[in-house]
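Understanding the architecture of this molecule
The lines below spell out each chain.
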Amino acid sequence: MADREQYRDMTITEDGKLMLEKASTDGIETVWDRYRKQLPQCGFCELGLSCRNCAMGPCRIDPFGEGPQKGVCGADADIIVARNLGRMIAAGAASHSDHGRDLVEVLRKVSEGNAPGYEIRDEEKLKKVAMEYGVEIENRSVEEIASDLAYAMEEDYGTRKKALTLLNRAPEKRRSLWEKVGITPRGIDRETSEMMHRTHMGVDNDWANLLLHGLRNALSDGWGGSMIATEVSDILFGTPKPTESTVNLGVLKEDEVNIIVHGHNPVVSEMIYQAVNDPELVELAKKKGAKGINLVGLCCTGNELLMRRGIPMAGNHLMTELVIVTGAVEMILVDYQCIMPSLGHIGACYHTKMVSTSDKAKYPEMEHREFHPENAKELARELVKEAVENFTNRNPGKVYIPVEPVRLTSGFSVEAIVEALGGSLEPLINVIKEGKIRGIAGIVGCNNPKIKHDYGHVTLTKKLINNDILVVDTGCAAIANGKAGLKVLEAVSMAGEGLKAVCSALKIPPVLHVGSCVDNVRILVAVAAIANELGVDMSDLPVAGAAPEWYSEKAVSIGAYMVGSGIFTVLGPMPPVLGSSRVVELLTSGLEGVVGATFAVEPDPEKAASLIIRHIERKRKTLGLS
Ligand code: SF4
Ligand code: MSK
């Protein structure tokens with residue numbers, strides 16, 4: 001267990017530090033403790049130089065040139081590094097895209113009348129997206145349109161198409177470039193499946209060819225699976241609008257039943273949201289001695305509810321164990337992705353009931369209660385009732401809610417940003433042209449115990465807004481910035497003069513929360529729309545991306561689809577590629593000549609900010625802007 005001194009180096013957050021102390025007192029092992037026990041981590045794996053793709057291995061390449069330079073099959077360092085990276089992209093793309101598929105399934109069931117409790121909340125968006133898919137909307141019921149749209153989206157997953165439908169949102173120049181390079185994504189599942197095929201022993205042994213397919217695979221996520229996930233979530237649950245809420249562990253309430261939803265897919269959490277507002281259950285909570293039922297979120301399921309319903313947010317990835325340590329949580333319901341397998345055990349050390357809900361995601365020491373569109377409404381009510389009944393098992397002596405919550409504004413979908421701008425993107429383009437806003441940066445991704453918790457996100461964001469760069473953020477980065485007080489109007493005091501003037505006039509914060517991990521596609525859509533408006537390619541714009549504390553394979557896919565779409569992207573932690581100088585060279589400079597953008601790796605957020613500022617100024621100059 002860590003000692004008090006060490007907490008300072010683990011996180012910049014007050015609630016994190018205080019809960020780490022309590023975890024230590026309570027004898028709870030955390031992700032930081034386990035990370036330390038793993039040190040030193042395997043050097044071959046860190047460099048991407050180990051392979052276990054077949055039973056002739058496992059193999060590794062000696063980076064010092066003295067030991068083996070080829071695996072048993074003859075694969076060299078370049079091939080092994082490229083194959084490993086390709087498989088990371090495939091896993092990330094599969095995760096986002098399977099999440100999207102689950103939503104399409106709910107859409108289909110709603111159209112058939114087989115999903116009680118779910119409905120089409122945004123008919124306008126349903127019709128808009130349906131038209132993009134060539135679905136007839138005139139004189140047809142919402143159900144008929146939804147049914148045809150679900151079918152058309154399912155076709156995007158398969159092999160019947162030459163190109164994904166939503167690629168049409170990208171500028172013509174970008175689509176031609178993808179076609180020329182041969183990376184136009186055809187089917188969402190097809191590209192992932194092909195990546196697994198290519199990386200099997202004895203298939204694609206040209207490292208550069210493999211990496212190009214990696215871009216195509218990632219584009220099938222960004223312009224396919226993730227984009228479908230975001231659009232269908234908006235159709236079913238409503239397109240987000242600016243909404244006020246609060247963030248950090250202070251959102252838990254000592255005198256209420258606390259229920260937490262964690263994971264990524266809003267299908268379960270939206271039903272829980274309905275159930276906690278059921279007057280009968282609220283009455284039951286009062287009978288049990290609580291003042292009410294308090295629903296809060298974690299990670300991206302939390303982001304989905306925060307964006308649409310203003311539900312408070314307890315924390316991001318590295319806070320998910322510590323929230324249980326408060327001793328104030330009656331139930332945590334998880335769906336999938338980024339849910340540490342340690343959570344069930346920690347829940348068992350307190351009175352917290354831990355419940356898994358997806359047939360594809362079971363966890364140790366959690367009770368499995370499977371949700372389907374058909375039973376979701378009923379099961380949600382049942383589980384909220386059980387959470388309420390669990391309130392009497394809470395041990396007040398173990399409860400510790402360490403801080404007061406921080407205010408934030410969320411809900412900046414592209415539609416909401418356009419509305420805030422008065423109906424079009426033109427005012428934003430104008431202030432970029434005038435130089436009041438120098439450019440836009442998307443700060444996205446996770447936490448990673450290798451980086452001081454939230455330090456990367458917050459330091460980078462502060463430096464960028466101070467240099468008049470508008471920040472849009474998602475996922476765990478967005479939660480970090482919310483906790484740091486960067487998502488309220490008052491945060492303009494930290495912005496440069498130009499950005500401050502624009503945000504004050506529009507009454508928006510300098511850091512706009514655009515959603516969850518899949519909602520990174522809102523950044524793609526906005527950048528594509530600006531490029532279309534100006535008649536340029538996405539890579540011509542003063543725009544950049546960053547994932548300062550990424551850990552997940554999904555983040556690798558996101559980074560690759562950003563770069564594949566022409567957006568320069570800076571990573572904090574080093575991906576496992578240093579074992580091949582050729583792969584590193586292609587990713588950090590060679591891709592400029594292929595897709596007009598590259599990766600950079602810079603763990604120091606101050607230096608990462610300098611890279612982004614330099615990039616944005618270079619793009620402005622090329623566009624002839626001041
Ligand atoms: Fe070794 Fe080649 Fe098999 Fe990988 S694919 S484990 S390098 S033999
Ligand atoms: S939850 S993928 S830790 S952002 Fe989307 Fe956070 Fe990264 Fe998971």
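Residues numbered from 1 in each chain as written. Chains lettered and ligands numbered in written order. Predicted model: local features only at pLDDT ≥ 70, side-chain atom pairs only at ≥ 80, totals over all residues. Heavy atoms only, no water.

1. Some points on the overall build of the protein chain
The criterion, for reference: Counting from the N terminus, the helices are DSSP H or I runs at least four residues long and the strands are E runs at least two residues long. Only C-alpha atoms enter the radius of gyration, while the globule expectation follows 2.2 Å times N to the 0.38, with N the number of residues. Three exposure classes are used, based on accessible area relative to the maximum for each residue type with a 1.4 Å probe and protein chains only: buried under 20%, partly exposed in between, and exposed over 50%. We call two residues in contact whenever any of their non-hydrogen atoms come within 4.5 Å of each other. Residue exposure ignores everything except the shown protein chains as possible cover, and the areas themselves are Shrake-Rupley values with a 1.4 Å probe.
Along its length, the protein chain carries 26 helices and 16 strands. Against the compact-globule benchmark of 25 Å for 626 residues, the protein chain has a radius of gyration of 24 Å, which places it among compact chains. Principal axes of the C-alpha set define a box for the protein chain whose edges measure 65 × 65 × 50 Å. Going through the 626 residues of the protein chain one by one, you find that 62% of them count as buried. The long-range share in the protein chain, meaning contacts at least 24 apart out of those at least 6 apart in sequence, stands at 75%. Working note: accessible area of the protein chain is about 23100 Å², and carbon and sulfur atoms make up 51% of it.

2. Examining the site of ligand 1
Convention followed: For each residue, the test is whether any non-hydrogen atom lies within 4 Å of the molecule or strand; if one does, the residue is near. In this classification, the charged set is Asp, Glu, Lys and Arg, the nonpolar set is Ala, Val, Leu, Ile, Met, Phe, Trp, Tyr, Cys and Pro, and all remaining amino acids, among them Gly, are polar. Note that the domain bounds were set by an automatic or database domain assignment.
In the vicinity of ligand 1 there are 13 residues, among which Cys51, Cys54, Cys59, Cys73 and Arg83 approach most closely. Per-class residue counts for the shell around ligand 1 are 8 nonpolar, 3 polar and 2 charged. Structurally, the shell around ligand 1 is a two-domain feature, drawing no fewer than three residues from each of domain 1 (4-60) and domain 2 (77-237).

3. So, the sheet that holds strand β12 (residues 469-474)
Let me state the cut-off plainly: Two strands qualify as a pair provided DSSP detects at least 2 bridges between them. For every element, the axis is a line fit to its C-alpha atoms; helices are fit only across the contacting stretch, and the angle between N-to-C directions ranges from 0 to 180 degrees.
Pairing is parallel across the open sheet formed by 6 strands, whose spatial order is β13-β12-β11-β14-β15-β16. A single partner strand is all that each edge strand has here, and the edge strands are β13 (511-515) and β16 (599-601). Adjacent strand axes in the sheet meet at a mean angle of 25°, parallel and antiparallel pairs treated alike. Here strand β11 (residues 439-443) pairs with β12 via 5 bridges, running parallel. Note that in β12 the partner of isoleucine 443 across the bridge is aspartate 473. Sheet strands touched by helix α20 (residues 475-483): β11, β12 and β13. Its angle to β12, the strand with the most contacts, is close to 120°.

4. Side note on the pattern of salt bridges
For the record, the criterion: For this document, the term salt bridge refers to a Lys or Arg side-chain nitrogen within 4 Å of an Asp or Glu carboxyl oxygen.
The full count for this structure, using the stated rule, is 52 salt bridges. In this structure, the salt-bridge partner of arginine 108 is glutamate 154, at a minimum N-O distance of 3.0 Å. Here the residue arginine 108 occupies a position in helix α5 (residues 77-112), and glutamate 154 occupies one in helix α7 (residues 142-157), the gap between them amounting to 46 residues. In this structure arginine 108 comes out as partly exposed when scored by relative accessible area, which is 26%. Glutamate 154 gets classed as partly exposed once you look at its relative accessible area, which sits at 30%. Glutamate 191 serves as the salt-bridge partner of arginine 186, at 2.8 Å between the closest nitrogen and oxygen.

5. Considerations on the packing of aromatic side chains
Quick note on the threshold: The pairing test for Phe, Tyr and Trp rings, Trp by its six-membered ring, is centres within 6.5 Å, and the orientation test on the planes gives stacked under 30 degrees, edge-to-face over 60, and tilted for anything in between. Two limits define a charge over a ring: the Lys NZ or Arg CZ must be within 6 Å of the ring centre, and within 35 degrees of the ring normal.
For the structure shown, the criterion picks out 2 aromatic pairs. An angle of 55° between the planes, with centres 6.3 Å apart, marks the rings of tyrosine 118 and phenylalanine 237 as tilted. Here the residue tyrosine 118 occupies a position in the loop between α5 and α6 (123-132), and phenylalanine 237 occupies one in helix α10 (residues 207-237), the gap between them amounting to 119 residues. Seen in terms of ring centroids, tryptophan 178 and tryptophan 223 are 5.7 Å apart; in terms of plane orientation they differ by 65°. Their pairing is edge-to-face. Residue tryptophan 178 is located in helix α8 (residues 172-181), and its partner tryptophan 223 is located in helix α10; the two are separated by 45 residues in the primary sequence. We note lysine 398 situated over the ring of tyrosine 350; from NZ or CZ to the ring centre the distance is 4.9 Å.

6. A few points about the site of ligand 2
Around ligand 2, a shell composed of 13 residues is seen, among which His264, Cys300, Cys338, Cys476 and Cys517 lie nearest. Of all elements in the fold, only α13 (299-309) and α20 reach the threshold of two or more residues within the shell around ligand 2. In terms of residue class, the shell around ligand 2 is built from 7 nonpolar, 5 polar and 1 charged.

7. Quick word on the nonpolar core
What counts is decided by this rule: Among buried residues, the Ala, Val, Leu, Ile, Met, Phe, Trp, Tyr and Cys ones that are joined through side-chain atoms within 4.5 Å form a nonpolar core.
Trp223, Ile259, Ile272, Leu428, Leu464 and Ile612 are the most contacted members of the largest nonpolar core, which totals 165 residues. Residues within four places of leucine 464 in sequence aside, it is in contact with Ala441, Ile443, Ile469, Val471, Ala609, Ile612 and Ile613. Met19, Val323, Val329 and Met366 belong to the second largest nonpolar core, which has 37 residues in total.

8. So, α6
The cut-off we apply is this: Throughout, the arc means that of the directions going from the helix axis to the C-beta atoms.
Along α6, the positions that sit buried rather than exposed are Lys125, Leu126, Val129 and Ala130. On an axial view of α6, the arc spanned by its buried residues comes to 135°, and they lie on one face. In α6, the exposed residues that point more than 90 degrees away from the buried face are Glu124 and Met131. Here the buried face of α6 lies against α7, α10, α17 (414-420) and α22 (520-534).

9. Examining the packing of α5 against α10
Here is the rule: For classification, angles of less than 35 degrees are called roughly parallel, those exceeding 145 degrees roughly antiparallel, those between 65 and 115 degrees roughly perpendicular, and all remaining angles oblique. Take the far helix as the reference: if the near one is turned anticlockwise from it by less than a right angle, the crossing is left-handed, and if turned clockwise, right-handed.
Two numbers describe how α5 lies on α10: the axes approach to 8 Å, and their chain directions differ by 20°. In terms of orientation, α5 and α10 fall into the roughly parallel class. Helix-helix and strand crossings are classified by hand; for α5 and α10 the assignment is left-handed. Looking at the contact of α5 with α10, its residues break down into 21 nonpolar, 11 polar and 3 charged.

10. Looking at the domain arrangement of the protein chain
The criterion, for reference: Buried area adds together the accessible area that both of two parts lose upon being put together, with accessible area traced by a 1.4 Å probe.
Entries for the protein chain in the domain assignment read domain 1 (4-60), domain 2 (77-237), domain 3 (245-398) and domain 4 (411-622). Placing the centre of domain 1 and that of domain 3 at their C-alpha centroids yields a distance of 26 Å. Taken together, the contact between domain 1 and domain 3 spans 14 residues of the former and 14 residues of the latter. In total, about 1100 Å² of surface goes out of reach between domain 1 and domain 3, with carbon and sulfur atoms giving 71% of it. Its largest share of buried area at the contact with domain 3, domain 1 owes to Asp15, Met19 and Ile28, together 42% of the area lost on that side.

11. Thoughts on the pairing of strand β4 (residues 257-263)
Summarising burial for β4: 7 of the 7 residues are buried, a large majority. Along β4, one buried face is formed by Val257, Ile259, Val261 and Gly263 and the opposite face, lined by Asn258, Ile260 and His262, is buried too. Direction of pairing for β4 relative to strand β7 (residues 331-334): parallel, over a ladder of 4 bridges. Bridge assignment links isoleucine 259 to a residue of β7, and that residue is methionine 331.

12. Digging into the environment of lysine 362
Inspection of the secondary structure assignment puts lysine 362 in the loop between β8 (353-356) and β9 (367-368). Accessibility expressed as a relative area gives 59% for lysine 362, which makes it exposed. Along the backbone, lysine 362 and lysine 463 are 101 residues apart, and their C-alpha atoms lie at a distance of 41 Å. Beyond its immediate sequence surroundings of up to four residues, lysine 362 is in contact with Ser356 and His368.

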